[in-house]
Amino acid sequence: MRKFLVVLDDSRECLNAMRFAAMRAAHTGGGVTILSVIPPDEFNHWIGVSEVMREEARERIHAHFEVFAKWMRDKQGIEPELAIREGEPVAQIIEHIRSDPEIGVLVLGAGTGKKGPGPLVTQLTRNAGGLPIPITIVPGDLSKEKLEEIT
């Protein structure tokens, strides 16, 4: 089964990437893996404090995942899987892609602000030639109706 990998983060464009991945998976008989990466700089505190912060980050990720997972189950009939990694986001995304041979497409949402499409899109498109799978970039301001039309 081909899986669509989508990154769960705090960006606004993440929502369109989630929708696109779920809709494409539903239309093609694929699956969805939602990856969330906890950056290492979140835990540069004392050991006890960093463990509490790490657990809180994981709880927050699970809560956000459940919101998207419910929508995917209810609206698209897709049961997504969650993967959580710790480290530098781009390196962890690439490592996750290489570790799961069923992942066939990386889906990213592009930001619409003055700073460009966002750090993940910028960094991963620079490395696109070395990735074993294609990247689909979903415009951040694409309407829900247009998303449904193109998937």
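As a reminder, the structure under discussion sits directly above these lines.
First, a word on what this report is: a plain description of the structure on this page. The structure displayed is predicted, hence computed values, not measured ones. Sequence positions are assigned chain by chain, starting from 1 and proceeding in written order. pLDDT decides what is reported in this predicted model: residues at 70 or higher carry local features, side-chain atom pairs at 80 or more are listed and counted, and totals for whole chains, interfaces and linings draw on all residues regardless. Neither water nor hydrogens contribute to the side-chain values; these are computed over all heavy atoms in the structure.

**Thoughts on the overall build of the protein chain**
- Helix and strand definitions here come from DSSP, where helices need a minimum of 4 consecutive H or I residues and strands a minimum of 2 consecutive E residues; each element is numbered from the N-terminal end. A tally of helices and strands in the protein chain yields five helices and five strands.
- Scaling as 2.2 N^0.38, a compact globule of 151 residues should have a C-alpha radius of gyration of about 15 Å, and the protein chain matches this with 15 Å.
- Considered along the principal axes of its C-alpha atoms, the protein chain spans approximately 50 × 35 × 35 Å.
- For every residue, the accessible area obtained with a 1.4 Å probe (protein chains only) is divided by the maximum for its type, and the residue is called buried under 20%, exposed over 50%, and partly exposed between those limits. In the protein chain, buried positions account for 44% of the 151 residues.
- Should any heavy atoms of two residues lie within 4.5 Å, those residues are considered in contact. Long-range contacts, defined here as pairs at least 24 residues apart, represent 72% of the contacts in the protein chain between residues at least 6 apart.
- Per-residue and other accessible areas follow the Shrake-Rupley method at a 1.4 Å probe size, with only the shown protein chains counted as cover for residues. Approximately 8,300 Å² of the protein chain is accessible, and the part contributed by carbon and sulfur atoms is 52%.
- The sign given to each residue is positive for Lys and Arg and negative for Asp and Glu; His and the chain ends receive no count. The atoms used to mark charge sites are NZ of Lys, CZ of Arg, CG of Asp and CD of Glu. Side chains of the protein chain give 18 positive and 22 negative charges; the mean places of these two sets differ by 6 Å. Radius of gyration: over C-alpha atoms. The globule rule applied is 2.2 Å multiplied by the number of residues raised to the 0.38 power.

**Side note on the nonpolar core**
- Only buried residues count toward a nonpolar core. Its members are Ala, Val, Leu, Ile, Met, Phe, Trp, Tyr and Cys residues joined through side-chain atoms within 4.5 Å. Formed by 26 residues in total, the largest nonpolar core has its most connected members in V6, L8, M18, V32, I34, M72 and V107.
- Mapped onto this core, the elements with two or more residues apiece are β1 (3-7), α1 (14-28), β2 (31-38), α2 (47-76) and β4 (103-110).
- Ranked by residue count, the leading element in this core is α1, at seven residues.
- When residues no more than four places from it in sequence are discounted, the contact partners of M72 are M18, A22, V32, I34, G77, I78 and P80.

**Comments concerning α1**
- Each residue after the first adds 1.5 Å to the expected span of a helix. Between the first and last C-alpha of α1 there are 21 Å, a value that for 15 residues agrees with the 21 Å anticipated at 1.5 Å per step.
- Residues of α1 that are buried: C14, N16, A17, M18, R19, F20, A21, A22, M23 and A25.
- Where α1 terminates, the next one or two residues include G29, which has phi positive at roughly 75°.

**Side note on helix α3 (residues 89-99)**
- When α3 is considered as a whole, its buried residues turn out to be V90, Q92, I93, I94, H96 and I97.
- Buried residues along α3 sit in contact with β1, β2, β3 (81-86), β4 and α4 (119-126).

**A closer look at the sheet that holds β2**
- For two strands to be treated as a pair, DSSP must find no fewer than two bridges joining them. An order of β3-β2-β1-β4-β5 is seen for the five strands of this open sheet, with the pairing classed as parallel. Both edges of this open sheet fall to β3 and β5 (135-139), since each of them pairs with a single strand only. Along the sheet, successive strands turn relative to each other by an average axial angle of 30°, direction set aside.
- Of the strand pairs in this sheet, β1 and β4 are connected by four bridges, and their pairing is parallel. Paired with L5 across the bridge in β4 is L106.
- Contacts between α1 and the sheet are confined to β1, β2, β4 and β5, with β1 contributing the most and set at about 170° to the helix.
- Together, β1, β2, β3 and β4 form the strand contacts of α3, whose direction differs from that of β2 by roughly 145°. Interaxial angle, 0 to 180 degrees, is taken between N-to-C directions of lines fitted to C-alpha atoms, where a helix line uses only the stretch in contact.

**Side note on the packing of α3 against α4**
- Taken N-terminus to C-terminus, the directions of α3 and α4 make an angle of 55°; their axes are 10 Å apart at the nearest point. Considering the angle they form, α3 stands oblique to α4. Judged by the sense of rotation from one axis to the other, the crossing of α3 with α4 is right-handed. For the pair α3 and α4, contact is made by P89, V90, I93 and I94 and by L120, Q123 and L124, respectively. To sort the angles, those under 35 degrees are grouped as roughly parallel, those over 145 as roughly antiparallel, those from 65 to 115 as roughly perpendicular, and the leftovers as oblique. In this scheme the crossing of two helices becomes right-handed for a clockwise turn of the near helix relative to the far one and left-handed for an anticlockwise turn of less than a right angle.

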